[in-house]
Amino acid sequence: MKYMLMIYAAADQQANCTVEDWIAYEKEMKDAGVLVSGHSLADLVTATTVQVGQDGRRTVTDGPFAETREVLGGYDVIDVPDLDAALEWAAKCPGSRDGGAVVVRPIAEF
């Protein structure tokens, strides 16, 4: 079953993990054969938000739409047998440390 691991950090938090931590985590997922895809997102200041009103008019604003205390920094999609396995991988994620969080959601198959 496929799960998305959405990796969040506090907006005002500096990462306490190294590039090497992330490289090792990705290698471990690849070696275990569970990594489907994953990407780190560019800095939040590069975000653009699009909304379409009921009148069909598009509004484009720089940055995220809402003020937030957490920032989505990246994601991984993994293919594992069950939720328990997905939770184990989320707990190994460097982004789950030091106030960060990893949200685990199953991927809907249509």
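Residues numbered from 1 in each chain as written. Predicted model: local features only at pLDDT ≥ 70, side-chain atom pairs only at ≥ 80, totals over all residues. Heavy atoms only, no water.

## Observations regarding the nonpolar core
Turning to step 1, where the next piece is worked out: Counting residues in hydrophobic clusters, the biggest one holds 15 residues, and the most contacted among them are Leu-5, Ile-78, Val-80 and Trp-89.
Turning to step 2, where the next piece is worked out: At the level of elements, β1 (2-10), α1 (19-32), α2 (83-92) and β6 (101-106) are the ones that each hand at least two residues to this core.
Turning to step 3, where the next piece is worked out: Among the elements that line this core, the one with the most residues is α2, at 4 residues.
Turning to step 4, where the next piece is worked out: Residues within four places of Val-80 in sequence aside, it is in contact with Met-1, Tyr-3, Val-34, Ala-85, Ala-86 and Trp-89. (Core = buried A, V, L, I, M, F, W, Y, C linked by side-chain atoms within 4.5 Å. Buried < 20%, exposed > 50% of the residue type's maximum accessible area, 1.4 Å probe, protein only. Helix = DSSP H or I, 4+ residues; strand = E, 2+ residues; numbered from the N terminus. Contact = heavy atoms within 4.5 Å.)

## Here's the deal with the packing of aromatic side chains
Turning to step 1, where the next piece is worked out: Enumeration according to the criterion identifies 2 aromatic pairs in this entry.
Turning to step 2, where the next piece is worked out: Relative to Tyr-25, the ring of Trp-22 lies with its centre 6.4 Å away and its plane at 80 degrees, an arrangement referred to as edge-to-face. One end of the pair is Trp-22 and the other is Tyr-25, both in helix α1 and 3 residues apart, which spans about a single turn.
Turning to step 3, where the next piece is worked out: For Trp-22, a relative accessible area of 30% gives the class partly exposed.
Turning to step 4, where the next piece is worked out: By relative accessible area, Tyr-25 is classed as buried at 4%.
Turning to step 5, where the next piece is worked out: Taking the centre distance of 6.4 Å and the plane angle of 55 degrees together, the rings of Tyr-25 and Trp-89 count as tilted. Here Trp-89 lies in helix α2 and Tyr-25 lies in helix α1, a separation of 64 residues in the sequence. Summarising the burial analysis for this pair, Tyr-25 and Trp-89 share the class buried. (Phe/Tyr/Trp six-rings, centres within 6.5 Å; stacked < 30°, edge-to-face > 60°.)

## With respect to the pattern of salt bridges
Turning to step 1, where the next piece is worked out: Under the counting rule described, the total for this entry stands at 4 salt bridges.
Turning to step 2, where the next piece is worked out: Arg-97 is the partner of Asp-21 in a salt bridge, and the nearest nitrogen-oxygen pair spans 3.6 Å. With a gap of 76 residues between them, Asp-21 in helix α1 and Arg-97 in the loop between α2 and β6 connect regions that are remote in the sequence.
Turning to step 3, where the next piece is worked out: For Asp-21, a relative accessible area of 25% puts it in the partly exposed group.
Turning to step 4, where the next piece is worked out: With relative accessibility at 38%, the residue Arg-97 sits in the partly exposed group.
Turning to step 5, where the next piece is worked out: Across the salt bridge formed by Lys-27 and Asp-31, the nearest N and O atoms sit 2.6 Å from each other. Note that Lys-27 and Asp-31 are positioned in helix α1 at a spacing of 4 residues, about one turn of the helix. (Salt bridge = Lys/Arg side-chain N within 4 Å of Asp/Glu carboxyl O.)

## Considering a nonpolar patch on the surface
Turning to step 1, where the next piece is worked out: Taken together, the side chains of Val-50, Val-52 and Val-60 make up a nonpolar region of the molecular surface, amounting to roughly 260 Å² of accessible area.
Turning to step 2, where the next piece is worked out: Topologically, Val-50 is positioned in strand β3 (residues 48-52). (Patch = residues over 30% accessible without salt bridge, like charges linked within 9 Å, V, L, I, M, F, W, Y side chains within 5 Å. Areas by Shrake-Rupley, 256 points an atom, 1.4 Å probe, with all protein chains shown as cover.)

## Quick word on the side chain of Asp-76
Turning to step 1, where the next piece is worked out: Along the polypeptide, Asp-76 turns up in strand β5 (residues 70-79).
Turning to step 2, where the next piece is worked out: With no salt bridge to any partner, buried Asp-76 finds its closest opposite charge in Lys-30, at an N-O distance of 9.4 Å. (Lys, Arg positive; Asp, Glu negative; His and termini not counted.)

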